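Report on the structure
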Amino acid sequence: MLKKQMESYISKSVIENKIELFKEEKDYVEKHKLLAEDIIIVEKENASRFTDAYMERSNKESEELISEENSAFLSQPIEYLKKNKDEFLYFESRWFELIGVEALSLEVDDVFGTYNAMFGLKFQKKMGDVLKTYLTKELQEGIGSFSLMFNQGEGLWDVNFALDNIKGFQEDMSLEEAFHLIYHFIFNLVQTIEEDM
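Okay, so let's go over this structure. Remember, it's a predicted structure, so these values are computed and weren't measured experimentally. Per chain, residues are indexed from 1 in the order of the written sequence. Given that this is a predicted model, residues contribute local features only at a pLDDT of at least 70 and side-chain atom pairs are listed and counted only at 80 or more, while totals for whole chains, interfaces and linings are drawn from all residues. Note that water and hydrogens are dropped before the side-chain values are worked out from all heavy atoms of the structure.

1. Thoughts on the layout of surface pockets
The computed volume of the largest pocket comes to approximately 320 Å³. A pocket, in this scheme, is an open set of points on a 1 Å grid over the protein atoms alone with protein on both sides within 12 Å along at least 5 of 7 lines, while a cavity is a set where a 1.4 Å probe fits but cannot get out; residues line either one if an atom lies within 4 Å of a point. As for the largest pocket, its lining consists of 15 residues, of which E63, F88, A103, S105 and M118 are closest to the centre. In terms of residue count, the dominant contributor to the lining of the largest pocket is strand β6 (residues 101-108) (4 residues). Residue classes in the lining of the largest pocket are distributed as 6 nonpolar, 3 polar and 6 charged. Grid points are joined across faces, edges and corners, and a volume is the space filled by probe spheres set on the points. For the purposes of this entry, the term helix denotes a DSSP run of H or I that reaches at least four residues, the term strand denotes a run of E that reaches at least two, and both are numbered from the N terminus. Residues were grouped as follows: Ala, Val, Leu, Ile, Met, Phe, Trp, Tyr, Cys and Pro as nonpolar; Asp, Glu, Lys and Arg as charged; and all remaining residues, including Gly, as polar.

2. Quick look at unusual backbone geometry
Even without being glycine, E16 reaches a positive phi, approximately 50°. Mapped onto the secondary structure, E16 falls in the loop between α1 (2-13) and β1 (18-21). Although it is not a glycine, K33 sits at a positive phi angle of roughly 50°. Accessibility expressed as a relative area gives 71% for K33, which makes it exposed. Burial status follows relative accessibility: with a 1.4 Å probe on protein chains alone, a residue under 20% of its type maximum counts as buried, one over 50% as exposed, and anything between as partly exposed.

3. A word on the packing of α1 against helix α2 (residues 23-31)
Packing of α1 against α2 leaves a shortest axis separation of 11 Å and a crossing angle of 105°. The angle between α1 and α2 falls in the class roughly perpendicular. Here L2, K3, M6 and I10 of α1 come into contact with α2, specifically with E25, Y28 and V29. Axis lines are fitted to C-alpha atoms, over the contacting stretch for helices. Their N-to-C directions set the angle, which ranges from 0 to 180 degrees. For classification, angles of less than 35 degrees are called roughly parallel, those exceeding 145 degrees roughly antiparallel, those between 65 and 115 degrees roughly perpendicular, and all remaining angles oblique. Residues are treated as being in contact if the distance between any of their heavy atoms lies within 4.5 Å.

Geometric values such as these leave the question of function open.
Encoded structure:
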């Protein structure tokens, strides 16, 4: 899936033998030799990745919309979610779609007080063991580190993991940095699973 998605993205993005890619995509493209040798890669700054993301703040209990936010909201510290535990942040980005993620949300867990990322991941049911193995290995096995369930109706995995358990997480990071960390983690997850297929 990731390889096909990347090939499609490349075919639409090469302009005059040049393509702009973020670090994760650049490394992937180089590793899998997806570009002709005469194409120049320009590495983009992470700060521009989520400028066109769609965000909503909503009430956890009622799921009622509080407000739509623009990319300026991402400069808020992640601690915003601890101060507003009754809210969750719904996040859509073409970059998450590229790696097979649907409907990402971020909130603070009421029981454990961890920052939880929840999303649908487009992988077949048979990939369950590989997913569990990867998450167990990578999430430092803290309390409530992850849950995983196959959603038969949607045909995807419902994934929930504690961001606190990802290497590189810091409580003083911004929401933007948190979404970059989540993206990097899921990108590596998807890449690892595809290589094991």
